[in-house]
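Summary of the model geometry
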Amino acid sequence: MKGVWVTAIGLVTPLRPFDTIDAFWGALTGGENAIRLQPPPLLDTDRKWLTAAIETEPGLRPEDKFLYIAEAALKMAIADSGLSSDALKNTGLIVGSILGNVLARERQLIDGNGQARTPEASLSYPVGYLGQRLKIGGQLSAISTACASGTDAVGIAARRIAAGDADVVIAGGVDVLSDFALAGFNMLQALTEDMVRPFDKKRSGLALGEGAAFLVLENESHARARGAKCYGHVLGYSSCADASHLTAPHREGRGLATAITHAISQSGLKPKDITYINAHGTATVYNDAMETKAIKAALGAAAYATHVSSTKSMLGHAFGASGAIEALCALMAMKTSVIPPTINYRYPDPQCDLNYVPNTAITTPVGAAMSLSAGFGGQNAAVLFGRPHAL
Amino acid sequence: MPSETMEIVVTGIGYSSSFDHKMVEETLNSIRQRTGKTRFIHDIEKSAVTAVSLALNDAGITFPLLESGRDDTGLYMGIDDAVEDIKDDFFRGVLGDGILGASPLMFPFTSPNAFSAQITIVFDMRGECILMPVNNSFEDVIEYAVACIRNGYTKTAVSGGVRCKGNNIYEAEFFVLENAHAAKDRGAKAYCRRVY
């Protein structure tokens with residue numbers, strides 16, 4: 001894949017509010033942990049959960065949080081891009097999400113007003129709403145591929161640009177914490193009551209999070225003509241199904257390995273050229289073992305020289321937004337030459353034997369960086385970025 | 001960008017409606033060898049698997065048995081708000097009985113890609129798998145499937161979707177799309193063609 005630049009980024013995460021990406025990045029690479037014991041969003045219960053929640057302005061209703069953070073992240077990306085309002089009229093938008101504005105529907109059901117469903121709860125609603133609010137006039141698409149939604153949104157946007165079907169597409173993901181998801185993941189026994197320890201022998205599950213992130217992807221000549229900055233080039237993207245199980249990953253990581261292999265083959269790079277992988281790294285027993293196997297299967301011996309870290313150890317698992325947030329982290333690692341750590345890592349697991357950047361960030365030039373996602377239904381996606389020449 | 005003209009053809013069509021319960025059950029029965037390990041929970045997945053089965057059969061595509069799947073066939077699927085009924089039922093269980101009311105059978109199907117995943121599992125399709133929530137026709141998702149063939153990301157695409165027709169009736173329609181040369185080489189018929 002050639003000629004696709006990432007020219008702007010924007011995000012909202014559970015780390016304390018930041019005005020700039022650089023401030024967010026400083027906190028993340030400093031190992032700041034956003035995961036705390038907190039009550040569920042709407043249900044009145046004594047039980048608290050380890051979650052990474054975004055603090056919003058006082059007075060904002062929980063059921064408005066989804067669109068609020070989506071719009072905030074999108075505005076940040078647009079401001080970063082410098083795109084004019086005229087340019088936005090021909091810009092596409094792809095929004096990935098698993099549950100959409102589920103809190104709006106929860107509220108209706110809790111209040112006993114479940115008969116008439118509001119359009120806000122529809123998964124295709126947010127992209128239309130955001131497009132209208134911010135006057136984005138190109139092709140609008142929604143993606144829902146479980147935890148790979150954000151990565152697939154970015155990848156599909158890159159393909160549209162590489163094929164010449166669009167000059168600029170903004171792509172990303174958004175999801176919020178919900179009582180709905182807490183009940184479901186609790187039932188699956190996927191939530192930790194300890195701490196999120198990706199790739200650690202004592203890992204005991206994930207913490208749910210929330211967030212929104214968007215990347216502005218742009219045709220290279222279009223970006224050059226308007227003097228846009230470049231965070232990185234999209235060099236490859238692939239989606240692959242495990243075709244194995246509705247909730248569990250394939251134990252050998254076959255779908256993810258194939259996705260990584262396909263993304264690398266599109267780039268013209270060799271596995272040894274990939275300096276950093278932002279892993280899906282949920283800290284569940286099966287995901288982390290599967291992901292390690294997939295990386296080793298795809299990269300071979302080069303896997304051991306590649307830095308692999310999980311930013312979910314600090315941000316929690318933001319569902320459909322996680323892929324976009326982590327793609328952004330991969331880009332920032334290239335831009336700043338700092339690789340964020342996997343925090344809470346104490347006990348090496350023989351099944352997870354790669355370099356997971358334990359507890360402390362590493363400063364090193366990052367030539368190419370990849371972001372991986374895997375999700376329910378055997379969804380797998382990999383997106384590969386190359387360093388902008390100017391860096 | 002594609003460097004030469006490419007002709008893409010529709011070689012298979014499948015349609016099913018959960019209203020035609022008998023047809024759905026007969027079709028699923030005919031592929032029992034594939035669905036043996038699959039426990040269908042919802043009419044949406046039954047309709048979707050049925051329509052894909054009919055489309056693949058119509059296209060003359062026979063998949064290898066499990067454990068020898070292929071990654072050159074992608075699934076590109078649209079879905080309307082059909083999944084929202086399942087989400088409502090799941091959350092009503094939580095409201096009624098607390099967290100113990102969370103149904104393990106229902107939870108996976110609150111994520112709409114469960115239906116595309118079920119298709120990939122039944123037919124052992126290990127290629128791309130993309131689900132787009134849409135509230136109109138499935139034109140966008142079919143266009144994307146065509147683009148993926150055109151740009152070499154998949155050899156064959158199964159594309160279409162599922163929608164709710166009201167009163168718990170679901171209909172699914174899928175098409176098999178492929179490069180005209182590949183279709184001709186394997187002697188497949190073509191319903192229609194589009195040149196890029």
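Below is a summary of the structure that appears in this document.

Analysis parameters
- Residues numbered from 1 in each chain as written.
- Chains lettered and ligands numbered in written order.
- Predicted model: local features only at pLDDT ≥ 70, side-chain atom pairs only at ≥ 80, totals over all residues.
- Heavy atoms only, no water.
- Helix = DSSP H or I, 4+ residues; strand = E, 2+ residues; numbered from the N terminus.
- Expected span 1.5 Å × (residues − 1).
- Buried < 20%, exposed > 50% of the residue type's maximum accessible area, 1.4 Å probe, protein only.
- Phe/Tyr/Trp six-rings, centres within 6.5 Å; stacked < 30°, edge-to-face > 60°.
- Lys NZ or Arg CZ within 6 Å of the ring centre and 35° of its normal.
- Axes fitted to C-alpha atoms, helices over the stretch in contact; angles between N-to-C directions.
- Parallel < 35°, antiparallel > 145°, perpendicular 65-115°, else oblique.
- Contact = heavy atoms within 4.5 Å.
- Nonpolar A, V, L, I, M, F, W, Y, C, P; charged D, E, K, R; others polar.
- Pairing = 2+ DSSP bridges.
- Salt bridge = Lys/Arg side-chain N within 4 Å of Asp/Glu carboxyl O.
- Core = buried A, V, L, I, M, F, W, Y, C linked by side-chain atoms within 4.5 Å.

Between its terminal C-alpha atoms helix 12 (residues 322-336) of chain A stretches 21 Å, which fits the 21 Å expected from 15 residues at 1.5 Å a residue. Where burial is concerned, most of helix 12 of chain A is hidden: 13 out of the 15 residues are buried.

This model, assessed by the stated rule, comprises 13 aromatic pairs over all chains. Plain terms: the ring middles of Tyr125 of chain A and Tyr129 of chain A are 5.9 Å apart, the flat faces sit at 25 degrees to each other, and that makes the pair stacked. A residue pair is termed a helical-turn pair when its members lie 3 or 4 positions apart in one helix, as Tyr125 of chain A and Tyr129 of chain A do in helix 5 (residues 125-133) at 4 residues. Taking relative accessible area as the criterion, Tyr125 of chain A reaches 27% and is therefore assigned partly exposed. A centroid spacing of 5.6 Å and a plane angle of 80 degrees characterise the contact between Phe185 of chain A and Phe107 of chain B, whose relative ring orientation is edge-to-face. Taken together, the positions of Phe185 of chain A in helix 7 (residues 179-187) and Phe107 of chain B in the loop between helix 4 (82-97) and helix 5 (113-123) put the pair across two chains. Here Phe185 of chain A matches Phe107 of chain B in class, with each residue buried. Aromatic rings pair up to connect Phe180, Phe185, Phe319 and Phe376 of chain A together with Phe90, Phe91 and Phe107 of chain B into one cluster. Stacked on the ring of Trp49 of chain A, the Lys or Arg Arg47 of chain A has its end atom at 4.1 Å from the ring centre. Lying over the aromatic face of Tyr286 of chain A, Arg251 of chain A brings its terminal NZ or CZ to 3.6 Å of the ring centre.

A word on the packing of helix 7 of chain A against helix 4 of chain B. For any two helices packed against each other, the geometry is given by the interaxial angle and the distance between the axes. For the pair helix 7 of chain A and helix 4 of chain B, interaxial distance at closest approach is 10 Å and the crossing angle is 75 degrees. One way to sum up the angle between helix 7 of chain A and helix 4 of chain B is to call them roughly perpendicular. Together, Asp179, Phe180, Ala183 and Gly184 of chain A of helix 7 of chain A and Lys87, Phe90, Phe91 and Val94 of chain B of helix 4 of chain B make up the contact between the two elements. Grouping the amino acids of the contact of helix 7 of chain A with helix 4 of chain B by side-chain chemistry returns 5 nonpolar, 1 polar and 2 charged.

Let us look at the sheet that holds strand 5 (residues 169-179) of chain B. Residues and elements named next belong to chain B. The mixed open sheet is built from 6 strands, whose spatial order is 3-2-4-5-1-6. Each edge of the open sheet carries a strand with a single partner, namely strand 3 (129-133) and strand 6 (192-195). Each neighbouring strand pair of the sheet contributes to a mean axis angle of 20 degrees, computed without reference to strand direction. Bridge count between strand 2 (residues 73-79) and strand 4 (residues 156-166): 7 bridges; the pairing is parallel. The residue bridging Leu75 from the neighbouring strand is Val158, located in strand 4.

Residue and element names in this part refer to chain A. Spatial strand order, 5-4-6-7-1-8-14-13-9-10: 10 strands in an open sheet with mixed pairing. Strands with a single pairing partner mark the edges of an open sheet, and in this sheet they are strand 5 (140-143) and strand 10 (307-309). Each strand axis lies, on average, 25 degrees off the axis of its neighbour in the sheet, ignoring direction. Bridge count between strand 13 (residues 368-375) and strand 14 (residues 379-386): 8 bridges; the pairing is antiparallel. In the strand pairing of strand 14, Gly375 is matched with Gln379.

This paragraph deals with the pattern of salt bridges. Two side chains bearing opposite charge may form a pair once their charged atoms approach each other closely. By the definition in use, this model includes 35 salt bridges over all chains. Close ionic contact of Arg163 of chain B with Glu173 of chain B constitutes a salt bridge, the shortest N to O distance being 3.1 Å. With Arg163 of chain B in strand 4 and Glu173 of chain B in strand 5, the pair connects residues that are 10 residues apart, well separated along the chain. Using a relative accessible area of 25% as the deciding quantity, one classes Glu173 of chain B as partly exposed. Taken together, the shared-partner salt bridges connect Arg61, Glu63, Asp64, Arg107 and Asp111 of chain A into one network.

In this section: the pairing of strand 7 (residues 211-219) of chain A. Residues and elements named next belong to chain A. In terms of burial, strand 7 is largely enclosed, as 9 of its 9 residues are buried. Alternating positions in strand 7 separate into two faces, Gly211, Ala213, Leu215, Leu217 and Asn219 on one and Ala212, Phe214, Val216 and Glu218 on the other, with burial throughout. In the sheet, strand 1 (residues 4-12) pairs with strand 7 via 8 bridges, with the strands oriented antiparallel. Bridging from a neighbouring strand, Ile9 pairs with Leu215 of strand 7. Of the pairings in the sheet, the one linking strand 6 (residues 168-175) to strand 7 comprises 8 bridges and is antiparallel in character. Across the sheet, Gly173 pairs through a bridge with Ala213, a residue of strand 7.

Our focus in this paragraph is the nonpolar core. Ranked by size, the top nonpolar core spans 78 residues in total, and within it Val6, Ile9, Phe24, Leu215, Leu217, Val234 and Phe385 of chain A carry the most contacts. With 10 residues, the top contributor of residues to this core is helix 12 of chain A. Beyond its immediate chain neighbours, meaning those up to four positions away, Ile9 of chain A contacts Ile21, Met76, Ala77, Asp80, Phe214, Leu215, Tyr231, Leu328, Leu331 and Met332 of chain A. Met77, Ala117, Val122 and Phe174 of chain B belong to the second largest nonpolar core, which has 38 residues in total.

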